[in-house]
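# An overview of the molecular structure
Residues per chain are reported as follows:
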Amino acid sequence: MRITELRTTAVAVPQKRTYRSSWRRTGHGTNALQAVLVELVTDEGLTGIGEAPVVWAGSAAVTTAMIEAVAPLVVGDDPHDHDLVRRRLYAETGMAHLGTQGMSWALSGIDTALWDLTGRILDQPLHRLWGGAWRTRSGFHADVVPDEPERMAEDALARVAEGFRTLYFKVGFAPELDEARVRAIREAVGDGPRLRVDANGAWSPGLAKRLLDRLAAYDLEYIEQPIPPGDPEELARLRARVSVPIMAHESSLSVEGTLAVVRHGAADAVQLDPRFDAGIAGAHTAAQIAEVAGLPALTHTFGELGVGTALMLHFHAAHRNLVLDSQTYYPNLTDDVIAGGPLRFDGCFLDVPQGPGLGVDLDPERVAHYAAFHAAEVAGIKPPPPDDPYYDREYLIRPRV
Ligand SMILES: [Mg+2]
């Protein structure tokens, strides 16, 4: 069997509300979730599908160009050689020795489609190729958008009423505002829900120590990446000094990073992403490193449509220690590009797909509709000027000292 064609389609699906990250609203001026769909066509009638997040410059054109530039390295290959193909891509693009961040996110659409093809060839869901399912459904957190503390408390209560048990929100803004938000949300939702906060490395070690001593009163499940990721020893020192459990993310997003976190005892949990670093194969290795160290894990989100979300669900199913509620913005989507429409939540849970490969198929009509929407409404959109409230200027000066 040979791959005969690599197709890309940029799509954008409107979201119910605009997400705001730590330092800017996401979407670069649009509230739609963008993705680049990848289809690998073979000479035997099977087609593998994948989804790449749009991160660089907020432009699907950049992601598409990165994928199409390596198409000659994929077309003509045997899809059974999926990891050899991925490693050749990494070697030919310089990522093998210069690092992968950014480019691996784009090329993850190919990596996912190669694995999807393998599952379709063998007529097995991916989690069975990866050793079998530890679970048939997987939990996700609810994302609370940064806002006035009272509005965030209302939002948190609404998410809990929908059945979510883990509430996630960004910190790393003004310290007083961070604390007021945590207090308002804990007071609103009571003792039950887990509160997980993410500083995206915004704090200095000293500020992290002082703030976490104060935030400990609100029973946080985890503080995610309180300080910058470059120094696992410093993260380990902080972990030894504070009672709030520490989750590594930017520190653990490569296989080597996960190994360093474990070696230094720098975190109580690790966040992984099969689109970072060494792709899906690398994420399996990282999950197993964490498992050997006794650390629970979860997956990161850039915001995924159904193809990317299905990849996460198979990954969760295949690893014993993927027990924490993972990140997602999926409930915020108004629709999806997969056949049958959006995956349906039962409370905080999504079922692990059981069909071959990813277990989801593209809906050609929806793909065409959201490709047209992307072309008309999203492509070419310019980011706001630097003084626009889109940006949190203070946040860009980090870590705080
Ligand atoms: Mg994070």
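One can find the structure itself at the top, above this paragraph.
Residues numbered from 1 in each chain as written. Predicted model: local features only at pLDDT ≥ 70, side-chain atom pairs only at ≥ 80, totals over all residues.

### Some thoughts on helix α14 (residues 364-378)
Over its 15 residues, α14 extends 20 Å from the first C-alpha to the last, a length consistent with the 21 Å expected when each residue adds 1.5 Å. Those residues of α14 not exposed but buried are Arg366, Tyr370, His374 and Val378. Down the axis, α14 shows its buried residues gathered within 75° of arc, on one side only. Relative to its buried face, α14 has exposed residues pointing more than 90 degrees away, namely Pro364, Glu365, Ala372 and Ala376. Close packing links the buried residues of α14 with β1 (3-13), β2 (33-42) and α1 (60-69). (Helix = DSSP H or I, 4+ residues; strand = E, 2+ residues; numbered from the N terminus. Expected span 1.5 Å × (residues − 1). Buried ≥ 20, exposed ≤ 12 C-beta atoms within 10 Å, placed from the backbone. Arc of directions from axis to C-beta. Contact = placed C-beta atoms within 7 Å.)

### Looking at the nonpolar core
Val38 and Ala297 are the most contacted members of the largest nonpolar core, which totals 109 residues. With 9 residues, helix α5 (residues 103-122) is the largest single contributor of residues to this core. (Core = buried A, V, L, I, M, F, W, Y, C linked by C-beta atoms within 7 Å.)

### Brief notes about the packing of helix α8 (residues 175-189) against helix α9 (residues 205-215)
Where α8 meets α9, the closest approach of the two axes is 11 Å, and the angle between their N-to-C directions is 25°. Taken as axis vectors, α8 and α9 run roughly parallel relative to one another. Here α8 runs over α9; the crossing is right-handed. Contacts from Pro175, Asp178, Glu179 and Val182 in α8 reach Leu207, Leu211, Arg214 and Leu215 in α9. (Axes fitted to C-alpha atoms, helices over the stretch in contact; angles between N-to-C directions. Parallel < 35°, antiparallel > 145°, perpendicular 65-115°, else oblique. Left-handed = near helix turned anticlockwise from the far one by under 90°.)

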